[in-house]
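# Close look at the chain arrangement
Chain residues, written in single-letter form:
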Amino acid sequence: AQSVTQPDIHITVSEGASLELRCNYSYGATPYLFWYVQSPGQGLQLLLKYFSGDTLVQGIKGFEAEFKRSQSSFNLRKPSVHWSDAAEYFCAAGYNNNDMRFGAGTRLTVKP
Amino acid sequence: KAGVTQTPRYLIKTRGQQVTLSCSPISGHRSVSWYQQTPGQGLQFLFEYFSETQRNKGNFPGRFSGRQFSNSRSEMNVSTLELGDSALYLCASSLEGQGGNQPQHFGDGTRLSIL
């Protein structure tokens, strides 16, 4: 069955430290991949997307993600976290059959 | 370009009532999807409308329904409300729909509380 897994429910990092949020997908073929961020009381905002080509994708707010076909992963990274990055992050995968799946989300806490 | 607009932002209802939520997509977007978000179940897909037709449906009871108008605006209706329907309801629009290479753009949601 098609699914998206975010293994970490909650992550805490110190401000200025690096960040990596994990995402694994289970699909028959490589889906379109997305990362979204949700601040409290708001909707989801698109950070970046991967369709094909270069496996390292740059997004907004200094985020990047790397697609690894061999590991069925699409992990989100940021070299230096800011306090304003505290939010919930969702990985999503879509395929041509109009089926979009979201992971359960990872809540990021940033320590001062 | 205006984003996705959802109204109202907050609603309080009692069990047994019904409710209608509204979503205005980004201009030019023809696909509107609805999601229910709760702390326990996360983000769950309700349904997707494209050109006034329901194209996809999630695993929700028939009490949850929707429609889309010719201007792509969409409404979602929940009848016979239950306590478990308390959630943040998110609407997302895209040019062509879910799953393709068009990312979805989300509104800020309607927070529905059932007393």
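Cut-offs applied
Residues numbered from 1 in each chain as written. Chains lettered and ligands numbered in written order. Predicted model: local features only at pLDDT ≥ 70, side-chain atom pairs only at ≥ 80, totals over all residues. Heavy atoms only, no water. Salt bridge = Lys/Arg side-chain N within 4 Å of Asp/Glu carboxyl O. Helix = DSSP H or I, 4+ residues; strand = E, 2+ residues; numbered from the N terminus. Buried < 20%, exposed > 50% of the residue type's maximum accessible area, 1.4 Å probe, protein only. Contact = heavy atoms within 4.5 Å. Phe/Tyr/Trp six-rings, centres within 6.5 Å; stacked < 30°, edge-to-face > 60°. pLDDT = per-residue confidence, 0-100. 1 Å grid on protein atoms, 1.4 Å probe; cavity = no way out; pocket = protein on both sides within 12 Å on 5 of 7 lines; lining within 4 Å. Points joined across faces, edges and corners; volume = space filled by probe spheres on them. Nonpolar A, V, L, I, M, F, W, Y, C, P; charged D, E, K, R; others polar. Disulfide = S-S within 2.5 Å. Core = buried A, V, L, I, M, F, W, Y, C linked by side-chain atoms within 4.5 Å. Pairing = 2+ DSSP bridges. Axes fitted to C-alpha atoms, helices over the stretch in contact; angles between N-to-C directions.

### Concerning the pattern of salt bridges
On inspection of all chains with the given rule, the structure shows nine salt bridges over all chains. The residue A:E64 makes a salt bridge to A:R77 at a minimum N-O spacing of 3.2 Å. Of this pair, A:E64 sits in strand β8 (residues 64-68) while A:R77 sits in strand β9 (residues 73-78), and the two are 13 residues apart along the sequence. One salt bridge in this structure joins B:D85 and B:R63, with 2.8 Å as the shortest N-O distance. Remark: B:R63 occurs in the loop between β6 (53-57) and β7 (64-68) and B:D85 occurs in the loop between β8 (74-78) and β9 (87-94); sequence separation between them is 22 residues. The class for B:D85 is buried, based on a relative accessible area of 4%.

### What about the side chain of A:D85?
Residue and element names in this part refer to chain A. In this fold, D85 is placed in the loop between β9 and β10 (87-95). The exposure class of D85 is buried, given its relative accessible area of 4%. The contacts of D85, once residues within four sequence positions are left out, are F63, K78, S80, L108 and V110.

### Comments concerning the packing of aromatic side chains
Residues and elements named next belong to chain A. Scanning all chains against the criterion turns up 15 aromatic pairs over all chains. An angle of 75° between the planes, with centres 6.0 Å apart, marks the rings of F34 and F51 as edge-to-face. Of this pair, F34 sits in strand β5 (residues 32-38) while F51 sits in the loop between β6 (44-50) and β7 (56-58), placing them 17 residues apart in sequence. Since its relative accessible area comes to 26%, F51 is described here as partly exposed.

### Section: the environment of A:Q2
Tracing the backbone through its elements, the reader meets A:Q2 in the segment before β1 (3-5). Taking the C-alpha atoms as reference points, A:Q2 and A:R101, 99 residues apart in sequence, are found 7.7 Å from one another.

### Structural notes on the confidence of the model for chain A
Looking at chain A as a whole, its pLDDT mean stands at 91, while 96% of the residues score no less than 70. Highest mean pLDDT in chain A belongs to strand β3 (residues 19-21) of chain A (98); lowest belongs to strand β11 (residues 99-102) of chain A (80).

### Here we look at the layout of surface pockets
In this structure, the largest pocket spans a volume of roughly 420 Å³. Taken together, 21 residues line the largest pocket, and the ones lying closest to its centre are A:Q38, A:E88, A:F90, B:Q37 and B:P39. At the level of secondary structure, the elements contributing two or more residues to the lining of the largest pocket comprise β10 and β12 (106-111) of chain A together with β4 (31-38) and β5 (42-50) of chain B. The residue makeup of the lining of the largest pocket, split by class, is nine nonpolar, nine polar and three charged.

### What about the state of the cysteines?
Tallied over the entire structure, the rule returns two disulfides over all chains. Here A:C23 engages in a disulfide with A:C91; their sulfurs sit 2.0 Å apart. As the torsion about the S-S bond is roughly -65°, the A:C23-A:C91 disulfide counts as left-handed. Of the two residues, A:C23 is situated in the loop between β3 and β4 (24-26) and A:C91 in strand β10; the sequence distance between them amounts to 68 residues. Shown here is the disulfide that connects B:C23 with B:C91, its sulfur atoms set 1.7 Å apart.

### Some points on the nonpolar core
Core analysis: the biggest nonpolar cluster contains 27 residues, and A:L19, A:W35, A:L47, A:L48, A:F74, A:L76 and A:Y89 have the highest contact counts within it. Elements with a minimum of two residues in this core: β2 (10-14), β3, β5, β6, β8, β9, β10 and β12 of chain A. At four residues, the largest contribution of residues to this core is made by β10(A). Leave out the neighbours within four places in its chain, and A:Y89 touches A:Q6, A:L21, A:W35, A:Y36, A:V37, A:L47, A:F63, A:L76, A:G105, A:T106 and A:L108. Ranked by size, the runner-up nonpolar core spans 21 residues in total, among them B:L11, B:F64, B:Y89 and B:L112.

### Brief notes about the sheet that holds β8(B)
By way of backbone hydrogen bonds, the strands of a sheet pair with one another, either parallel or antiparallel. All names here are of chain B. Taken in spatial order, the four strands of this open sheet run β1-β3-β8-β7, and their pairing is antiparallel. Unpaired on one side and paired on the other, β1 (5-7) and β7 mark the two borders of the sheet. Taken over all neighbouring pairs, the strand axes of this sheet differ in orientation by 20° on average, direction set aside.

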